[in-house]
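Structural overview for review
These are the residues of each chain, in order.
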Amino acid sequence: MSKTPEGAVIIGASAGALEALSSILPALPAGYPFPIFVIVHLPPKKRSVLAEIFNEKCRLRAIEAEDKEPVEPGVIYFAPPNYHLLLEGRSSIALSNEEEVLFSRPSIDVAFESAAEAWGDRLTGIVLTGANHDGARGLQAIENSGGTAIVQDPSTAFARTMPDAAILACPKARILALPEIPSYLSSNFK
Amino acid sequence: MIDTYEKVEDIEIRLLLEALYHRYHYDFRNYAMSSIRRRLRQAREQLGFSTISAMQEHVLHDPDMLPRMLRYLTVQVSEMFRDPSYFLAIRQKVVPHLRTYPSLKIWVAGCSAGEELYSLVILFREEGLEERTLFYATDINPDALAQAETGVYDIERVRLFTENHRQAGGKSSLSDYYTTAYNRCALDKSLRRNVVFSDHSLVTDQVFGEMQFVSCRNVMIYFDRPLQDRAIGLFRDSLPHNGFLGLGAKETLRFSTHADSFREFVREEKIYQRTRA
């Protein structure tokens, strides 16, 4: 068993997610020291192939999280469709079947809030492209717990509603273009 | 400060769960903290308390608080034939084994409002197994059990149930099993002929019989790992060699201390079979 990582990254994306994630995740180096949780809005009734796609494309291992999945450094965990993903402390993932939040399950807010609870100032939260307001409240929770908030530059987003809402909720968030995000993540092992 | 001391809210949550246990013998103390925290915050906000401690005082002194707390603490989100591929796998792969038994006992653990129970009863009727089967439907929430026993659902959900049933390989029309009135759909009471509804806790109660099939879906995701092991231990002890255990789509026995007592029977549907271990 590897030791508990010292920090974590959590990413939320909706409409346009695949393209946005494709310019971030494959650019991360092998041996990246933090776990990366990825919450994407998906159709509830279909199997998701995101983890398989990114496991192929990335130098890091990508998996779809199952309930009580242990958290390890350098692994990309995708939230499965039709479940909320929560962090059960720093050592494992818990899934939940609770009601949709902002019509979404997985909800980015729910995941971000539980990650903020677990990781405090050791967490970086990133809101990417999307056509609703999910993620704004969660990013605020991350900021309030001392974590780092990053938002994709809305002018570069496929759908700018979600990054716009996140910036409104977190005026201090760093606004980065997609290619800047992996370099930021690779150079800031906060 | 925050790193060294347990957060005040977490202390309050622990105390509230102790209060529920000592006052009413409902034991949520080993539920997964992340989701309990979220639901108790919801309860606090919606019931209008300033703190979880203030809510705890009412839990201790006002018995009417118990059903209200249970509504928040037990998650009741289900559908008939939810994840149709699970029921299709039961029909195609489990049923042929079950046919070889002269009598069957099926346990739906954590049956909530009964959607999954009735799905199984209908499937067993379609497959000609209902007559030889006794279904046990258990839950800790008396309101949910009462609702399950009534078998009445909102009419708006029927379209989804019907589509799920079709995808699950349904051999009849779902409309054969219900009548509608006043925006409600009432399931035929004949579906309850062979069902025993009972209050049973996976946390504090014991094994109550030998089962050929246990279905427990999206119930244990709310438990922490040690409590999951307790529940899976109950299933292990309820199932004879070759008995079946069905879990939710994203649940797994991989992390359980009882993993060796089961083999994957239909891997992608989380249907396991009891080994001799």
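None of these values were measured; they are calculated from a predicted model. (Residues numbered from 1 in each chain as written. Chains lettered and ligands numbered in written order. Predicted model: local features only at pLDDT ≥ 70, side-chain atom pairs only at ≥ 80, totals over all residues.)

1. Re the sheet that holds strand β7 (residues 213-215) of chain B
Residues and elements named next belong to chain B.
- Pairing is mixed across the open sheet formed by seven strands, whose spatial order is β6-β2-β1-β7-β8-β10-β9. Of all strands in the sheet, those bounded by a partner on one side alone are β6 (195-199) and β9 (262-266). Across the sheet, the mean angle separating the axes of adjacent strands is 25 degrees when strand polarity is ignored.
- Direction of pairing for β7 relative to strand β8 (residues 244-246): parallel, over a ladder of three bridges. (Pairing = 2+ DSSP bridges. Helix = DSSP H or I, 4+ residues; strand = E, 2+ residues; numbered from the N terminus. Axes fitted to C-alpha atoms, helices over the stretch in contact; angles between N-to-C directions.)

2. What about the interface of chain B and chain A?
- With 15 residues of chain B at the interface, the matching set in chain A holds 16 residues.
- For the side of chain B that touches chain A, the elements supplying multiple residues, two or more each, are α2 (33-47) and α9 (225-238) of chain B.
- The leading source of residues in the side of chain B that touches chain A is α2(B), at three residues.
- Here the residues of the side of chain B that touches chain A are counted per class, giving seven nonpolar, five polar and three charged. (Contact = placed C-beta atoms within 7 Å. Nonpolar A, V, L, I, M, F, W, Y, C, P; charged D, E, K, R; others polar.)

3. Examining the UniProt feature "active site" (unreviewed entry) in chain A
Residues and elements named next belong to chain A.
- The positions that UniProt labels "active site" (unreviewed entry) are, in the present scheme, Ser14, His41 and Asp134. Separation in sequence by 121 residues is not matched in space for these annotated residues, since their most distant C-alpha atoms are only 9.6 Å apart.
- For His41, the location among the structural elements is in the loop between β2 (36-40) and α2 (50-57).
- If near-sequence neighbours (up to four positions away) are discounted, His41 is found in contact with Ser14 and Ser104.
- The topology assignment puts Asp134 in the loop between β7 (123-127) and α4 (136-144).
- You can call Asp134 buried: it has 29 C-beta atoms within 10 Å. (UniProt positions renumbered as here; feature names shortened; annotations may be inferred. Buried ≥ 20, exposed ≤ 12 C-beta atoms within 10 Å, placed from the backbone.)

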